[in-house]
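# Remarks on the overall topology
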Amino acid sequence: MAADKEILRRLELRIKELEEENNSLSDQVEEMLLINLINESFDEITDEGRLLTAVLEKISVLKDIPYCACFEFSETSYNCLAQYCSFYTNEPCLSTVSISGELLKELNTQSIFRTNLIQNPGLVTFDSKSAFHPGEMLAITFQTRALNHGVFIFVCDGKPSGPLKNDLLPFYQIIRIVTDKWDRISLMKELRQLNKELEKRVEERTNLFKQSEEKYRQLFDMATDAIFLWEIDNKGKVLGCKEMNDAVLKMTGYNKDDLQSLNLFSLLADTYTPKERKVFEKDFARQSGILEASFNTRIGLIPLELHFRRIKLDNKQMVLAIARDVSERQAYEKQIIEAKNKAVESEKLKSAFLANMSHEIRTPMNAIIGFSELLYQDESMPGEVKLYADIIFKNSLHLLNLINDIVDYSKIEAEQVTICNEAINVNELISELSINMISILHQLSKSHIDVLTHTPLIDSEAVIINDKTRLRQVFTNLINNAIKFTQQGFIEIGYQYNNQDYLEFYVRDSGIGIATENQKKVFERFVQVRDAKTSSAGGTGLGLAICSNLVERMNGQLCLESSIGEGSTFWFKLPYNKTNES
Amino acid sequence: MLNKKNRHSIIIQNHELVYYRIGNGEPLLLVHGITTYSFIWQRVVPFLENRYELIIVDLLGCGDSAKSIDVAFSLKNHAKILAELLEALHINKVHLVGHDVGGGICQIMAVSHAEVALSLTVINTVAYDFWPVQPIISMRTPIIRQLAMASLDLGAFRFIVKRGLYYRERLTNELMNYFWYPMKTSAGRKAFLHFAHCLDNRDLIEIVDDIEHLQIPVLIIRGDKDVYLSKQIAEKLHQSIKGSQLKVVATGGHFIQEDEPAVIARYIDEFISV
């Protein structure tokens, strides 16, 4: 009997042991499950508030701890970050929990604090409306990146056997998991913030860059000069044009496809020698410089001034080239050079003219003064007086002509000559001129020279609309020249009509003629062709220049055909309209 | 899901109670158990709504009813609340149909509010102290422990539901969403745990004698493959209650309304019609 009792007692003991073992194993499994559950459920949480609420709820439910909370604290104050109270219906819990200064002091000095609130009721007090009766309390402080002083507070209810075991490892583990995750969340937040700032900066920079690019793109495209970006290889050989602006197309007619893989120098004008081409290529291989050359384009051959500079872009050697069409500039330069030459020439002619004039004016003036003086002395014979007066008169006339010519030419130069159109019967005019010519020839004892006229139109049709005075002046001048340089033969004046819209007037003589090389010069100002035969002819050198200018103003052009010893023909065409005659 | 147009709510004991009123005929009060709410009857409704007026409740703390935990979720109090509901709806007599702890509630109603009960049908019900809850709320209790885990983890909950079904492939995401719906809020989870903590088999032990002397017809339906509640509950009830019927469904799990809705409906209909 006693033996049986002993066996029963042992068996009971054994059962108890096994139960305890079983319970301990269950505890371990539960804790593992809790930790696992907490760990797993964190994956989608990105906010520390939600993280804390979730973990506090899990601890409360699975460890059967009615009040679980997380506070941030200092030496004198505290702030609830999250709490879970299983004894209230709603979240966030309405319960307000007060932490005493005494507890704060404890928390500031030790990382773990455990007490029973039944014995120390003042440490943590709950809202009086709560039906909760606090029992055991556990506080574990922690630190994260974002929080220097944090504490988890767990309060069990007042039941005699609370769930808080001596082994607090699971709590540490959970808190470590939470703080790790919390740190990760803060890091992610910081990262996101940084990322946001970075994105903002990138966006700002991108916008600035875009604006800048847009600005330069506009400049690039709006530029009237052609801008190219040529790629070159290490040896300086041009591989092709990689970028160009709109002006390129306008200036050359080429587009990007045409120039993509083209060597710039293959477009050089055909007139350049291989040697010259080499020089250009060598110049182009320099760091920067200016080239001027003519290039073949779709539009034709154009002279370009090429400013270039070598740059490195995307690890490639590039040459930025700005080309300007200099054809206008070149033409302008040519004009300037011509104008300059003309000015120099003109200056020379003016000096020659002045020298000539001083002679031409002085000679008649000397005669006038000298013979006037003789007359004044009143010692001359009556026959002499007449001779002297005649000489004075002729010299005065000569001087007057000279001055008239100078005045005329001055007017022409100053563009003060106006053309007054009127109906001119050219047959009558030529008749008058021929009569005058006969008279002059007679005076000059050149009556042996024949005076011819040619007027093919009948009088009623021989009418043009032009300036009569100027036409007469031109003819008179040409006739005077003819008389001056003709010693024998004939002088013919007249016009030709070839059923066109003009009449061709001419003055022809059988005089000494003008050498071919001098034929252009005679129309220039202050020019007199002088040689042994003409040295005595006198004159201002302005006559033909005046004629040429006047004819131009009358819408014609004065031309000359002549050969030495065979005479000269001066001719010009003036507009004629047969239906206008009346 | 039950049709929203049939959804009503009423304030009982200062808390909102949601119920559905569907069909015409003699009234049937359908009471769900733990981890479920009114939706658990959705597949049964089409077989009964043409012959009966179905009153389907969300017990306090469950489904869409109030989640306050300042009210006792004991079987006794639920029975009292339901009796108040029937009174408020002016329903004098009703056939009681309860599943799981709902079966326990209906047992209490049949005893404590006998005047309203026309008949009692319990399906995979709790009874006596043959169910795994103990008066001391110890977290070590396996079922409470499991329920606590389930309230926090969809995977754990899915595991519970799956084990409760005979046709496990029928656990679609849609069905799981119905189960999980109250767990989505903290208040829902708290109410659920409060519900679990309030379970106390003393409530049923107290009425053991009265149950055995019930004067109304009693039908006991048992899903043979219910892994959560013992076969002995159904058998002992059947033996103890004179004239009671026991129907065992070979292809029924704990959530037998999802497994064999037509069979259950037929059994109920046949039972009531006699």
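The name given to chain B in an unreviewed UniProt entry is Alpha/beta hydrolase, and the organism recorded there is Carboxylicivirga mesophila.

In the nomenclature of an unreviewed UniProt entry, chain A is known as histidine kinase of Carboxylicivirga mesophila.

## With respect to the overall build of chain A
Across its full length, chain A holds 12 helices and 19 strands. Expected size for 582 residues packed as a compact globule is a radius of gyration near 25 Å; at 61 Å, chain A overshoots this value by more than 25%. Dimensions of chain A along its principal axes, counting C-alpha atoms only, are 205 × 55 × 50 Å. The buried share among the 582 residues of chain A stands at 40%. The contacts in chain A between residues at least 6 apart in sequence include a share of 61% that link residues at least 24 apart. When the accessible surface of chain A is summed, it comes to about 34,500 Å², and 52% of that surface belongs to carbon and sulfur atoms.

## With respect to the interface of chain A and chain B
At the junction of the two partners, chain A supplies 20 residues and chain B supplies 19 residues. When chain A packs against chain B, close to 1,600 Å² is buried across both sides, 56% of that on carbon and sulfur atoms. Of all residues in chain A, the largest losses of buried area upon contact with chain B belong to V61(A), L62(A) and T89(A), amounting jointly to 33% of the total for that side. Taken together, the connections running from chain A to chain B amount to one salt bridge. Between E57(A) and R189(B) there is a salt bridge; the shortest N-O distance is 2.4 Å. Inspection of the region where chain A meets chain B yields two residue pairs in polar contact (both at pLDDT 80 or more). Listed by contribution, the elements that provide at least two residues to the side of chain A that touches chain B are α1 (2-41), α2 (48-63) and β2 (78-85) of chain A.

## Some details on the nonpolar core
Counting residues in each nonpolar core, the largest one holds 143 residues, and the members touching the most others are L29(B) and L85(B). The biggest single contributor to this core is α2(A), with eight residues. Apart from residues no more than four positions distant in its own chain, L85(B) is found in contact with I10(B), I12(B), L17(B), Y19(B), I55(B) and V57(B). Of all hydrophobic cores here, the second largest spans 51 residues; its members include V426(A), I464(A), F505(A) and I546(A).

## Side note on the UniProt feature "domain: PAS" (unreviewed entry) in chain A
The UniProt record annotates "domain: PAS" (unreviewed entry) at residues 212-294 of chain A. Strand forms 25% of residues 212-294 of chain A and helix 40%; the C-alpha atoms that close the span are 34 Å apart.

## Points about the environment of F353(A)
Residue and element names in this part refer to chain A. Tracing the backbone shows F353 in helix α8 (residues 327-377). Judged by relative accessible area, F353 falls into the buried class, the value being 11%. As for F353 and S434, which are separated by 81 residues in sequence, their C-alpha atoms are 31 Å apart.

## Details of the packing of helix α2 (residues 75-88) of chain B against helix α3 (residues 101-112) of chain B
All names here are of chain B. Axis separation between α2 and α3 bottoms out at 8 Å; the angle between their running directions is 65 degrees. When the interaxial angle is binned, α2 and α3 end up roughly perpendicular. Between α2 and α3 lies a crossing whose hand is right-handed. On the side of α2, the interface is formed by L75, K76, H78, A79, L82, A83 and L86, while α3 contributes V101, G104, I105, I108 and M109. Across the contact of α2 with α3, the residue classes tally to nine nonpolar, two polar and one charged.

So, how was this worked out
Residues numbered from 1 in each chain as written. Chains lettered and ligands numbered in written order. Predicted model: local features only at pLDDT ≥ 70, side-chain atom pairs only at ≥ 80, totals over all residues. Heavy atoms only, no water. Helix = DSSP H or I, 4+ residues; strand = E, 2+ residues; numbered from the N terminus. Rg over C-alpha atoms; globule rule 2.2 N^0.38 Å. Buried < 20%, exposed > 50% of the residue type's maximum accessible area, 1.4 Å probe, protein only. Contact = heavy atoms within 4.5 Å. Areas by Shrake-Rupley, 256 points an atom, 1.4 Å probe, with all protein chains shown as cover. Buried area = accessible area lost by both parts, 1.4 Å probe. Salt bridge = Lys/Arg side-chain N within 4 Å of Asp/Glu carboxyl O. Polar contact = N/O pair within 3.5 Å; in protein donor to acceptor, adjacent residues only side chain to side chain. Core = buried A, V, L, I, M, F, W, Y, C linked by side-chain atoms within 4.5 Å. UniProt positions renumbered as here; feature names shortened; annotations may be inferred. Axes fitted to C-alpha atoms, helices over the stretch in contact; angles between N-to-C directions. Parallel < 35°, antiparallel > 145°, perpendicular 65-115°, else oblique. Left-handed = near helix turned anticlockwise from the far one by under 90°. Nonpolar A, V, L, I, M, F, W, Y, C, P; charged D, E, K, R; others polar.

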